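Descriptive analysis of the structure
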Amino acid sequence: VGANPPVLSVNPLALDFGSIQTNLTFNVQNAGGGTLNWTATEAETWLTLTPANGATASGATTTVTATVNRAGLAAGTFTTDITVSDGAATAVVEVSMTVG
């Protein structure tokens, strides 16, 4: 590991799918040095992340696509958090979606 460790940076920190959008993206950036090994996790079956983990080089950005599936869900507003972690730091992306 070099003098500059990797630094986790996630943007934006909120995704609002409303009632129409099915795909939105957020960026995982290594704002430091070295290689940022990160994992993105979510607890809801209606939300899928692609990719869900990665190794992002210094100064580089990885775009993660979040996809929602409204099939079989009751009408209403659903919210969850995506947690992005590199072991040293954690960022939370708030997700909201409307069905109906």
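Residues numbered from 1 in each chain as written. Predicted model: local features only at pLDDT ≥ 70, side-chain atom pairs only at ≥ 80, totals over all residues. Heavy atoms only, no water.

1. Considerations on the overall build of the protein
Scanning the protein from terminus to terminus reveals 0 helices and 9 strands. The order of helices and strands in the protein, counted from the N terminus, is β-β-β-β-β-β-β-β-β. The principal-axis extents of the C-alpha atoms in the protein amount to approximately 50 × 20 × 15 Å. Residues classed as buried in the protein amount to 29% of the 100 residues present. The long-range share in the protein, meaning contacts at least 24 apart out of those at least 6 apart in sequence, stands at 59%. Carbon and sulfur atoms make up 49% of the accessible area of the protein, which amounts to about 5300 Å² in all. (Helix = DSSP H or I, 4+ residues; strand = E, 2+ residues; numbered from the N terminus. Buried < 20%, exposed > 50% of the residue type's maximum accessible area, 1.4 Å probe, protein only. Contact = heavy atoms within 4.5 Å. Areas by Shrake-Rupley, 256 points an atom, 1.4 Å probe, with all protein chains shown as cover.)

2. Observations concerning the sheet that holds strand β2 (residues 14-16)
The 5 strands lie next to each other as β2-β9-β8-β4-β6, forming an open sheet whose pairing is mixed. One side of each edge strand has no neighbouring strand; the edge strands of this open sheet are β2 and β6 (53-57). Each strand axis lies, on average, 20° off the axis of its neighbour in the sheet, ignoring direction. Across 10 bridges, strand β8 (residues 76-85) lies against strand β9 (residues 90-99) in antiparallel orientation. (Pairing = 2+ DSSP bridges. Axes fitted to C-alpha atoms, helices over the stretch in contact; angles between N-to-C directions.)

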